[in-house]
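Breakdown of the fold
Take a look at the letters that make up each chain.
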Amino acid sequence: MISSINSRNIIGIDSCDIKVEVDIGKGMPSFSIVGLAGTEIKEARERVKSAITNSGYRFPNARIVVNLSPADMKKQGSFLDLPISIGILRDKIHAKDDDMKKSVFVGELSLDGSVKSIKGILPIVIGAKENGYEKIFIPKDNFEECSFIDDIEILPVNSLKNCISLVNGNITNLEIEAIKSEILSRKCAEHTEYENIDFSDIKGNIYVKRCAEISVAGGHNMLMIGPPGSGKSFLAKRMTTILPDMNREEMLEVSRIYSVFSSSIERSGLIEKRPFRSPHHTATGVSLIGGGSDAKAGEITLAHNGILFLDEVAEFNRDTLEALRQPIEDKVVNISRLKYSVTYPSDFILVAAMNPCPCGYYRSNIECRCRRYSIDRYLGKLSGPFLDRIDIFTEVKSVSFDEINSTAKNETSEEIRKRVGLARKMQQKRFGLNSSRLNRDMSSSEIDKYCKLDEKCEKVMKMIFNKYRLSNRSYIKLLKVARTIADLNERERIQESDILEAFSMRRTYYTYFSNLHD
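Residues numbered from 1 in each chain as written. Predicted model: local features only at pLDDT ≥ 70, side-chain atom pairs only at ≥ 80, totals over all residues. Heavy atoms only, no water.

Attention now moves to the overall build of the protein. Along the backbone of the protein there are 25 helices and 18 strands. Counting only C-alpha atoms and orienting by the principal axes, one finds that the protein spans roughly 85 × 50 × 45 Å. Within the protein, the proportion of its 518 residues that are buried is 53%. Expressed as a percentage of contacts within the protein between residues at least 6 apart in sequence, the contacts between residues at least 24 apart total 73%. Carbon and sulfur atoms form 47% of the exposed surface of the protein, whose accessible area is close to 24,700 Å². With 76 positive and 71 negative side-chain charges, the protein shows a spacing of 3 Å between the two charge centroids. (Helix = DSSP H or I, 4+ residues; strand = E, 2+ residues; numbered from the N terminus. Buried < 20%, exposed > 50% of the residue type's maximum accessible area, 1.4 Å probe, protein only. Contact = heavy atoms within 4.5 Å. Areas by Shrake-Rupley, 256 points an atom, 1.4 Å probe, with all protein chains shown as cover. Lys, Arg positive; Asp, Glu negative; His and termini not counted. Charge placed at Lys NZ, Arg CZ, Asp CG, Glu CD.)

The 5 strands are arranged β11-β14-β17-β10-β18 in an open sheet whose pairing can be described as parallel. In this open sheet, the two edge strands, each paired with only one partner strand, are β11 (276-277) and β18 (392-395). (Pairing = 2+ DSSP bridges.)

Moving on, we come to the environment of Ile176. By the secondary structure assignment, Ile176 is in helix α8 (residues 173-190). With 10 residues separating them along the chain, Ile176 and Leu166 place their C-alpha atoms 8.8 Å apart. Beyond its immediate chain neighbours, meaning those up to four positions away, Ile176 contacts Leu155, Leu166 and Ile171.

Quick look at the packing of helix α5 (residues 121-130) against helix α11 (residues 248-261) now. Their axes nearest at 7 Å, the elements α5 and α11 cross at an angle of 125°. By the criterion of interaxial angle, the relationship of α5 to α11 is oblique. Contacts from Ile121, Leu122, Pro123 and Ile126 of α5 reach α11 at Leu252, Ser255, Arg256, Ser259 and Val260. In terms of residue class, the contact of α5 with α11 is built from 6 nonpolar, 2 polar and 1 charged. (Axes fitted to C-alpha atoms, helices over the stretch in contact; angles between N-to-C directions. Parallel < 35°, antiparallel > 145°, perpendicular 65-115°, else oblique. Nonpolar A, V, L, I, M, F, W, Y, C, P; charged D, E, K, R; others polar.)

Written as structure tokens, this is what we have:
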């Protein structure tokens, strides 16, 4: 007897069709799986055999061959346990072959026959829907994660026996809907609110908050330099609160990434909040960029459509930081392996923070204990090409006693986010309603078109260019930041004040790094 069951395989953050073909024939009793199966799938033989037996079914005493088609594609993960079991027990299923061809099965089996949750359920369900399947049988614990997807019937199952009952129609639609409602109500009760953070929590450092607003409005990368305890991390964590809300397409893209690569706690269905990732400075290149034998995504992909915060950036491995340069420019990261390659999105705003010297108190109100060569060596850990990817440099000062105890009302995140939203709408109108491009992404021709300078602006720009010997890249970045400042002020043309403010956000670079890289 030969049966064919539909399932799906994860490739990056997408999925593709897998045909699980099961041949039960005469010969010496055996159970083999072919078709370039990974370790987890090869181990499925023992899980499937125990699950079938402990579910009350008789495991065939025959020669069983399972082929995973297409045979030249690497299959990894444990989500093929359920379709393999269904293929072996095809004689227990009353559904016609035509009905089975419209259904997809995914799930990991426990030895007692229960179905466990899996990673990557979102791309699996979305892929099944896009390929015209009508039903998909998934683990019960994964239902809440993909319950928002329409135009395909999603059937949660908690055991192998339960799955077969569903396929055979022994469970009514009313019972299925009751199970779905129970799952969703239980999950909603379990959810906890995010920590309540707001820009109004930040005392003092008004200029740094302005830099953060401009960074978010135009998608500009930002570096903060200041002594320990001055509030660099405190501010960075609140930058996500002034980012505009994601649209449906962005939410779906981020949710797919987290569905495949995050822990079960983070996999909570449609992700509506922009991600904020803050890897430790001991992070390896693979954990930050992605890679490894299974071409896993890194922190830069998990930060897609959000913020990647590198605290103590000078303590990161230099090679790791250099590997960031290409993804920052391309907004994607390509990971190639012997037989396949995957492309992950990595469109994020880079926010970095560092101390000005090893002791942390250079140019602060506390005496610095470092020698000049130690300071230069510390600052020199950030290469010129890496710093070229930064648009905004700002110095964070320690907050005074009067600022800490001030009762003056600070701007809330909501007030700042409204201005950011208006600036982004101007950019959307500029680059196209369906475009996700920001001012940082402008090409040379677009700069000529949208960053035109009048006579006064040209005079100021020429003075800055000659005095500070700006490179072509620095000049372009200055114009892009000035364009964002004009957008925040709802102006179509760049003014002299925009250029001066934009340049003030590069002065910190000349204070700390110009003698190292010029």
